[in-house]
Each structure stands twice: as C-alpha cells, then as structure tokens.
Amino acid sequence: MLDLSATPEPSIGDTIRRFASRHRVWLVSLAILLVVFVLAPGQALTSSRFVAGALIDTAPFLALSIAVAAYATASGADNLIARVFAGSPLTMIAVAAAFGALSPFCSCGVIPLIAALLSMGVPLSAVMAFWLASPVIDPSMFVLTSGLLGAEFAIAKTLAAIGLGVFGGYVTFALSRAGNLSDPLRPGVGNGGCGASAVRRPGKVAWRFWQEPARRAKFRKEALSSTLFLLKWLTLAFLLESLMLAYVPADWVASALGGEGFAPVLTATLVGVPAYLNGYAALPLVSGLIEQGMAPGAGLAFLVAGGVTSLPAAIAVFALVKRPVFALYIAFALIGSLSSGLLYQAWLS
C-alpha cells in the first residue's frame, strides 16, 4: 500500500535553492571573482592575493572577536540583558543604551527580544535606546574596528552608539509623556523567539563555563558559527575593497567624501543607508575609503547610519512596530549618525 504520509523527496530545484540560500554570500564572492577573471585575469589574481593577505592580517582580531562572542553565549552572559530594563525610566534609558552598545547579543535574538520587551510593557523609550545602540557596535566589532581603523575610531564609534541610544531614548520618553507613541507594536506581534526567553526566565551566568560539558559544546558550536559568519562576510568585503582600490579613482573619493565641513559627513550619512552591506563587511570598505581620502568623520557617519538602517534591521523594525515608531527610528538614525560624524570630525580638527 502506498504510504501517503511519507515525506516526499526534495527535488533537485529545491536542493539547489536551499544550497544557494544558505551559501549566498560565498556564491556572490565566487561570482564576482569569476566575472573579474573573465574580464581582467590579472586583477582576479591580485584580488585573490589581497583577500588572503587581508584575512591573515585580520586573523588575530578575528580570533579574539570569535572568542568573545562564543564566551558570552556559552557562559550565559547575554542573559544579563534581562536585568537592564528595571528602575526609573531615565536611568533605564541610559543603561539600556550602554548595554546595547556593549553587549555581544546575537542577531537572531535581538528582534524577538524587542517584541518580548514591548509586549511585556517595558517602556518604548528604553527599548528604543537599546535598539538604536545595539546594531552599531559590540565587543566583537570593537576589536575588529580597532584592528582595521584604530582604537580611537573604535572608541568614537562606541560613544556614538551610546549617544545615539540615549538621544533616541530621551526624545521617545518626552514624546510618550506627551501622550504619543502609545501601543507601538503592530497587531498580532507578541513575544517569543530565541531572545525572549532570556527576558522571561533569565538564567544564571556561568563565568567558568568550561566546567560544564554542555556549555563547552555550546562554546564550540558558537565559535564555529561565528567563524563561518565572519569569514564569509570579510571575504566578500575584502574582495570588494580590492576592486574599489583598483577601479575607484582616489580623487573622486576625496572630492565626494573627503575634506572638512558638513557636506562630506552628510553625503556619507545618506549613502550609508542604501549602500551598507553588513557591520563586519563595511569596516574594511571604510578603511579603504579613508586611505583614499575619505574624511574619518564621514566614515563614522557611514558606519553608524548603515548599522542602524541596514536593510535587515530596517525590515525587522518595520515588521514589528507601527509606522510612526518606524519613522522615528529612521529619523533618530539619520540625525544621530550625522551628529556623531560632525562631532568626531570636529574632535580630529
């Protein structure tokens, strides 16, 4: 008798689509390299050497960033996020902004965490502070930023993230006190997901995680996942950087984004919204642009604006909250990134 309950074998087309979806970043890098090889074989070889050398130079910072992320997951330190959202609203906003900038929270957990916090009645002002600061910097990105752009730039980026979160949180608090922004979640959005359980049932932090076999296994799994994630994005980023250095005229970059004043920072802020790839992928690209004459303040504005308004983050925000809250989120990102770029440029001057 035919077993109708049996799961049908996946077709070749389904297998190819799943493979392409899972490895699309690697496939994009390979496709770019193949196109360059066809059009300019010499540049393909140069770009391959550039990528290999850049990955070797970045390896110490990459290893440290992976260790930080894996330790946070294995020890349960990311559960500390649940303790941030308590206390007076004004204090809560400042602490949430700082924690958002400094916490190595996983990308899969941020979105359900935000839904959980809002559905549990946590004030939108504190959630906004965390939400704005979180995508801009974390310990892993701080280490990589220090390696590629210098410690001073990494510190400026961290301060920009905290400042952006505090600014957005306090403005949201003032608007909420005036009777606006009530019930920010879209209908049907509730709590749940991998990040929400840490808020509802915060577990203990095992700082010596290596004493427990399950946590050691979790550390290995997270380390491998982080390695593959960072490696694929940095490979694509260094490949694009090599092509940018080869084909983008340095004088064009210097004239468009270099120099002092308001215009380069504003341009970088507006360009950062649609052109941003990924927080880790953007770092070597900005490093290459600064080497070609881009103003450091413009580079900071690009990174901050792109981090907050990158397509995945913006889509997630739009899916969770109502349009006025989404518009406010975008406005905070643009104003905050522009201000941080101008302040950093003024500091350097």
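One can find the structure itself at the top, above this paragraph.
Asks: Describe the overall build of the chain, listing the residues and the values that go with them.
Replies: When its secondary structure is counted, the chain shows 16 helices and zero strands. A buried classification covers 46% of the 349 residues belonging to the chain. Across the chain, every contact between residues at least 6 apart in sequence was considered, and the portion connecting residues at least 24 apart equals 83%. For the chain, the exposed surface amounts to about 17000 Å²; the carbon and sulfur share of it is 69%.

Asks: Describe the environment of threonine 91, with residues and values.
Replies: Looking at the element boundaries, threonine 91 is found in helix α4 (residues 89-102). By relative accessible area, which is 46% here, threonine 91 ends up partly exposed. Here the alpha-carbon distance between threonine 91 and alanine 126, two residues 35 residues apart in the chain, equals 9.0 Å.

Asks: Summarise a nonpolar patch on the surface; cite the residues concerned and give the values.
Replies: A contiguous nonpolar surface patch, about 380 Å² in accessible area, is contributed by Phe19, Leu27, Leu30 and Leu34. Looking at which element gives the most residues to the nonpolar patch, the answer is helix α2 (residues 24-39), with three residues. Its place among the elements puts leucine 27 in helix α2.

Asks: Could you give an account of the side chain of lysine 157, naming the residues involved and the relevant values?
Replies: Inspection of the secondary structure puts lysine 157 in helix α8 (residues 151-177). Despite being buried, lysine 157 has no salt bridge partner; aspartate 138 is the closest side chain of opposite charge, sitting 7.8 Å away. Apart from residues lying up to four places away in sequence, lysine 157 is in contact with Val136, Ile137, Met141, Thr145, Leu300 and Leu303.

Asks: Could you give me a rundown of the nonpolar core, with the residues and numbers involved?
Replies: Proteins that are soluble and globular tend to have nonpolar side chains buried together. Membership of the largest hydrophobic core comes to 66 residues, with the highest contact counts inside it found for Trp131, Leu303 and Val321. Sorting elements by how many residues they give to this core places helix α6 (residues 124-133) first, with eight residues. Judged by nonpolar contacts, the second largest core, of five residues, contains Val25, Leu236, Ala237 and Ala281.

Asks: Can you break down helix α7 (residues 139-149) residue by residue, with the values?
Replies: Taken residue by residue, α7 has Ser140, Met141, Val143, Leu144, Thr145 and Leu149 as its buried positions. Capping the start of α7, aspartate 138 holds a side-chain oxygen 3.0 Å from the backbone nitrogen of serine 140, two or three residues further along. After α7 finishes, the residue glycine 150 shows a positive phi value of roughly 100°.

Asks: Mind laying out the packing of aromatic side chains, listing which residues take part and the relevant values?
Replies: A full pass over the atoms with the stated rule returns six aromatic pairs. Between phenylalanine 209 and phenylalanine 219, the aromatic rings sit 4.9 Å apart at their centres with planes inclined by 25°, giving stacked as the arrangement. Highlighted residues: phenylalanine 209 in the loop between α9 (196-200) and α10 (213-247) and phenylalanine 219 in helix α10, separated in sequence by ten residues. A network of ring pairs unites the aromatic residues Tyr71, Phe209, Trp210 and Phe219 as a single cluster.

Asks: Which residues make up the pattern of salt bridges, and what values do they have?
Replies: Counting across every chain of the model gives one salt bridge. Between arginine 215 and glutamate 212 there is a salt bridge, with its nearest N and O atoms 3.1 Å apart. Accessibility expressed as a relative area gives 17% for arginine 215, which makes it buried.

Cut-offs and rules
Residues numbered from 1 in each chain as written. Predicted model: local features only at pLDDT ≥ 70, side-chain atom pairs only at ≥ 80, totals over all residues. Heavy atoms only, no water. Helix = DSSP H or I, 4+ residues; strand = E, 2+ residues; numbered from the N terminus. Buried < 20%, exposed > 50% of the residue type's maximum accessible area, 1.4 Å probe, protein only. Contact = heavy atoms within 4.5 Å. Areas by Shrake-Rupley, 256 points an atom, 1.4 Å probe, with all protein chains shown as cover. Patch = residues over 30% accessible without salt bridge, like charges linked within 9 Å, V, L, I, M, F, W, Y side chains within 5 Å. Salt bridge = Lys/Arg side-chain N within 4 Å of Asp/Glu carboxyl O. Lys, Arg positive; Asp, Glu negative; His and termini not counted. Core = buried A, V, L, I, M, F, W, Y, C linked by side-chain atoms within 4.5 Å. Polar contact = N/O pair within 3.5 Å; in protein donor to acceptor, adjacent residues only side chain to side chain. Phe/Tyr/Trp six-rings, centres within 6.5 Å; stacked < 30°, edge-to-face > 60°.

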